[in-house]
Amino acid sequence: MEGSGSPRFRKLHFPVGLWINSPRKHFAKLGGRWPSAISVKSTTSSDAASLHEAPSAPSSSLSNSTPSLASPTPSPSPSPAFLRPRPAGPQSRTKRLSHLFLRGRSNSDRDRAVGEREREVWAHSAAPSSHHYLPPASSSAPGLIKIYGDALSSGANYRSLLANIHSTARQLIAQVITRYTEREREETDDAVLQKHSPEDFLLCDVIGKPIQQPDGAIKWETECRRSVAPWECPLLLVDMWRPKDGFERRFEIQRREDYEREEREREKEREREGENYQGVRWRRSRMSSGGGPEESERGHRGRNTELRRSISDMNLSLRRRQGNHVSKDSRGPGNRPNNNGGVQDRKNIVSMINPQPGEVMTTRASKAEAKVGWTNQPAEDEKDYSSCDLEVMSQSLILPPTDRPYFLLLQGYDQSKDFVLYIMVGHTHVFGRKPTMREREKDRERERKGKRPLKVETFLSAPDLLARHLLVRRDSAVPGTPTGQALMRPFRGGEVTHNGVAVYRETVLKPGDVIGLGSHFLFLYRDPRVTPAPPLALTLPWQADASTTCCPSGLVDRQEALRQYLGSTEAVLKFHSRHADSLLQEIISKNSSPDSGGGPLAPAYLLSIMIDHASKHLDPALTPQILLKSANLIKEIVWDNIKEFGDKHPTQNSAEQEGEISTPNVLKLSSDLRPLMFWMSNATELLNFFQVKVETMEREWEFEAPGDPVLTADMDTCSEALAQLDDVIMHTFQQCVYHLTKTLYSLLPALLDTNPFSSEEKEKEKDGARGTEGEEKKEGEGEVDDVSALPPKVAGLVEVYRCSLMLSREACLSPPLTSQTFGYLFFFTNTSLLNTLLERDGLFSWSRAVQIRTNLDLVLDWLQGAGLGDIASEFMKKLSITVNFLCIPKTRLIQSSWTSLQEEHVLLSPSQLHHLLTHYKLGPTRAPPASWAPPAGTELSGDIFESFLDHPPLILPNETPRLDLSQPIPSPELQKEVTRLRTFLWGLDQDELPANQRTRL
């Protein structure tokens, strides 16, 4: 029996034999959604042949017939459908099917009455405004269909068309365009009428529901849509597939390019949202039907039909083969015909829609019998084959892709959840596990802050994996990378191996490499675009040469490799994470002073190669810890040196020390400042190196989850390490310039009081010149080391500059910090001499000014020869201008006016210029001329003395490190120290091994 609302089998386009059941069985009750065609196979050869010959689409006599059975009381809702039993007598196949489905071409009154009642019941089941189509009374009668054409005419509602069950979507599109074009021709001029082509539009099957707005208007809300193929019949779709309760269907005409663009955007959005495209494509391939075009038209898809057939078709083929074998066996010699054969055949027919337990057991028994008859093997030996799940078998028939890389599973965690292939669909691929509720909340919080984390493409089931464990990038995601080569990097804290070696940072991934995730998953990376396929990167166990690990020659090779590493000039220091603290203590304790023997930059160089190895090959969490520990150790040593230096050179001088300050021992001061200058230089180089490493770490964290507390803690640790080095540089700089300027302060007044033209000074200058005459000067020495030609008191001042310069060169202080050190010394010289000069108005005469100018020129000439002339001229400019003002001849100065003098000496403030003119020594009886008087309103209340607080600020260097670790070790001293540390680390490794496994040098 078939109700008025039940599905019409003539329109399902499945072979009719698929719906045949046992004559004493009924179809299971059908739900609101029709199940896919699940095949049923008879064990008789005749039925198998007939099914095999059945076309993929039913004949016209089946597809065009009208229902011939209806319930007495029509109902709009679907009702269970039943099949009539097979007639007892033999009938032809066409007649059997006609009696079975009652689908013949009948024009009887009963058929027309049923059609009319069905149309009437359907039409009254809902308000006319709620439906967008009206089905025809029969296959030949037209039906009414509404097509919404907003894409053709903006603001248009719909057009009602008469269509029959054979009207295709292409024909309806042409009619709609004609209808809208006629209306436009009536409303507009023919000259501006826009012409439309049916090929530019699509007919869309839209499912949705009308929503009433607050203002009373009705707005259509689309739930889903599908483009209707040009050859499909819309009325047939309406009649066969109806939306579920609460939803309605309507047809819309849309522009093809707009529809395709929107679909591409939706596809990209689904990929961004992490939709598993691989799973979607796999399900589609499984659901595709077995029927299709000829082999010549199908291409490579047609050649893989066996792989892409539906489960129903695979079941049908397998059962057909089993049925043929049973038939052949029954007709063989020694077997007699059995009148109950038809009954036995019908027992082997099972409905896969809703099988009964007895039916399943009967079918399995029949399968076992068929297998026994075919292979002459006992039935119990075939238990596994008969109970095999064909759906699982179909999922195991997998061909790898040919156009994109994939990951082949070598070892998994849960066989019920793991797949064999994981295809890299996009240019980035993230492996991870299903996030917990707390992790989802964190991701949502980051998205609200505008920090969207990466989406996971492949979810794995192992418990030791992170929510985001591994990132693989290829092609456009890694510009400049050759085809077939990708980059892989684990997320922070993820356990990942690359060809058996633990990986902590981004590394190159090539086809044939083996990737390990956690302690369970192993994948083989393949890229079919690279031909021929490269071999495996890992040596298989049966390919390894076991003799190399135990024979004497292998031991000799290891000893030779160890000797080469210990004596290598490469800037490499290999160590294990567990030895990091011991190595750090060894470097600092053996290289804590300038006289340690490793060179001026030994601590910075050794710590740099240690940190470089840790940042490239060890756990990322170790690098910030090494940075902070090394900075703390350096700070402790520097604090001890400052305390020791303060005990030798107290800040407050007693009365007994005043005489010593007047004639300071500059060499002793220079010797005591060596440790501070040594650590200031090393701390500067380490600061530059640390900054580069921290920037590299930040770039590596680019793909990590924003705001990760672990990464935040690491960044705080790095920032603290940089701050510690900043303190070391600032305190050592402060101590050096303070004690140097303290020594200068006692020597600067001699520059103002010494007469370079006196006979005594000239005689001492000549004696110094004769003493140095004939002596050989060492390479690199010249005017920088020679101060004997200067007057004694001026030479004492220059000696401070010379010792400071030698200190900075011996410590290899960076050029920016050297310039700032001498800039501060010259600033102090300028300020101190200028304030002393302005305070002693007895020096305001031409004769004394010429002596000061001469002494100042001697100092500046020496600084120019030492390479410090530019810095000295910049910071001592105001002192030079003041002395030049006092050196102006008296006659010219008297004739000058206030305005001209101020224009010529811009750096002097009005109060300083007024002070110099007021106290200038013109003579005992001469008064200052009236032209020197400042104009009325000139501000003269300013301080005439310079402030020591206006010193230049210390700018910590931020430059490229001078320590180039890509070059060989630069000096024999460093080479000796690196070899010692390598031997020390080798000794630590040997101490952990049993005595019989140790390697001797």
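Located above this text is the structure these notes cover.
Summarised in this report is the structure supplied together with it. Predicted, not measured: the structure shown is a model, and the values here were computed from it.

1. Digging into a negative patch on the surface
For step 1, the next point in the chain: Together, E199, D200, E257 and E260 give the surface a local cluster of negative charge.
For step 2, the next point in the chain: Residue placement: E260 occurs in helix α7 (residues 256-272).

2. Observations regarding the pattern of salt bridges
For step 1, the next point in the chain: Tallied over the full model, the rule gives 41 salt bridges.
For step 2, the next point in the chain: With a closest N to O distance of 3.6 Å, E447 and K455 form a salt bridge.
For step 3, the next point in the chain: The class for E447 is partly exposed, based on a relative accessible area of 37%.
For step 4, the next point in the chain: Assessed through its relative accessible area of 29%, K455 is described here as partly exposed.
For step 5, the next point in the chain: Put simply, R802 and E799 hold a salt bridge, and the shortest N to O gap is 2.6 Å. Here E799 and R802 lie together in helix α26 (residues 792-810), a separation of 3 residues that amounts to about one turn.

3. Examining the packing of helix α19 (residues 602-617) against helix α22 (residues 666-700)
For step 1, the next point in the chain: Where α19 contacts α22, the two axes come as close as 9 Å, and the packing angle between them is 20°. Classified by the angle their axes make, α19 and α22 are roughly parallel. In the crossing of α19 with α22, the sense of the turn from one axis to the other is right-handed. Mapping the contact onto sequence places A602, P603, A604, L607, S608, I611, D612, S615 and K616 in α19 and F678, W679, N682, E685, L686, F689, F690 and K693 in α22.
For step 2, the next point in the chain: Of the residues belonging to the contact of α19 with α22, the class tally is 10 nonpolar, 3 polar and 4 charged.

4. Structural notes on the sheet that holds strand β7 (residues 406-411)
For step 1, the next point in the chain: The strand order β8-β7-β17-β16-β13-β14 describes an open sheet built from 6 strands, whose pairing is antiparallel. The sheet is open, and its two borders are formed by β8 (421-423) and β14 (501-503), each paired with just one other strand. Between one strand axis and the next, the sheet turns through 30° on average, direction left out of account.
For step 2, the next point in the chain: Two strands pair when backbone bridges link them, and β7 and strand β17 (residues 521-526) are joined in this way by 5 bridges, in the antiparallel orientation. Opposite L408, over in β17, you have L524 as the bridge partner.

5. Section: the packing of aromatic side chains
For step 1, the next point in the chain: Summed over all chains, the structure comprises 14 aromatic pairs.
For step 2, the next point in the chain: Aromatic pair Y422 and F523: ring centres 5.6 Å apart, planes at 85°, arrangement edge-to-face. Of this pair, Y422 sits in strand β8 while F523 sits in strand β17, placing them 101 residues apart in sequence.
For step 3, the next point in the chain: Given a relative accessible area of 4%, Y422 falls into the buried group.
For step 4, the next point in the chain: Classification of F523 by relative accessible area gives buried; the value is 1%.
For step 5, the next point in the chain: An aromatic cluster is defined as three or more aromatic residues linked by ring pairs; in this entry it consists of F407, F419, Y422, F431, F521, F523 and Y525.
For step 6, the next point in the chain: Lying across the ring of Y565, R982 places its NZ or CZ 4.9 Å from the centre.

6. A word on the sheet that holds strand β10 (residues 458-460)
For step 1, the next point in the chain: Overall, mixed pairing links the 5 strands, which are arranged β10-β9-β11-β12-β15 in an open sheet. Of all strands in the sheet, those with a lone pairing partner are β10 and β15 (507-509), marking the two edges. With strand direction ignored, the average angle separating the axes of adjacent strands in the sheet is 25°.
For step 2, the next point in the chain: By the bridge criterion, 4 bridges tie strand β11 (residues 470-473) to strand β12 (residues 486-490) in an arrangement that is antiparallel. Its bridge partner lying in β12, R473 is registered against L487.

What counts as what
Residues numbered from 1 in each chain as written. Predicted model: local features only at pLDDT ≥ 70, side-chain atom pairs only at ≥ 80, totals over all residues. Heavy atoms only, no water. Patch = residues over 30% accessible without salt bridge, like charges linked within 9 Å, V, L, I, M, F, W, Y side chains within 5 Å. Areas by Shrake-Rupley, 256 points an atom, 1.4 Å probe, with all protein chains shown as cover. Salt bridge = Lys/Arg side-chain N within 4 Å of Asp/Glu carboxyl O. Lys, Arg positive; Asp, Glu negative; His and termini not counted. Charge placed at Lys NZ, Arg CZ, Asp CG, Glu CD. Helix = DSSP H or I, 4+ residues; strand = E, 2+ residues; numbered from the N terminus. Buried < 20%, exposed > 50% of the residue type's maximum accessible area, 1.4 Å probe, protein only. Axes fitted to C-alpha atoms, helices over the stretch in contact; angles between N-to-C directions. Parallel < 35°, antiparallel > 145°, perpendicular 65-115°, else oblique. Left-handed = near helix turned anticlockwise from the far one by under 90°. Contact = heavy atoms within 4.5 Å. Nonpolar A, V, L, I, M, F, W, Y, C, P; charged D, E, K, R; others polar. Pairing = 2+ DSSP bridges. Phe/Tyr/Trp six-rings, centres within 6.5 Å; stacked < 30°, edge-to-face > 60°. Lys NZ or Arg CZ within 6 Å of the ring centre and 35° of its normal.

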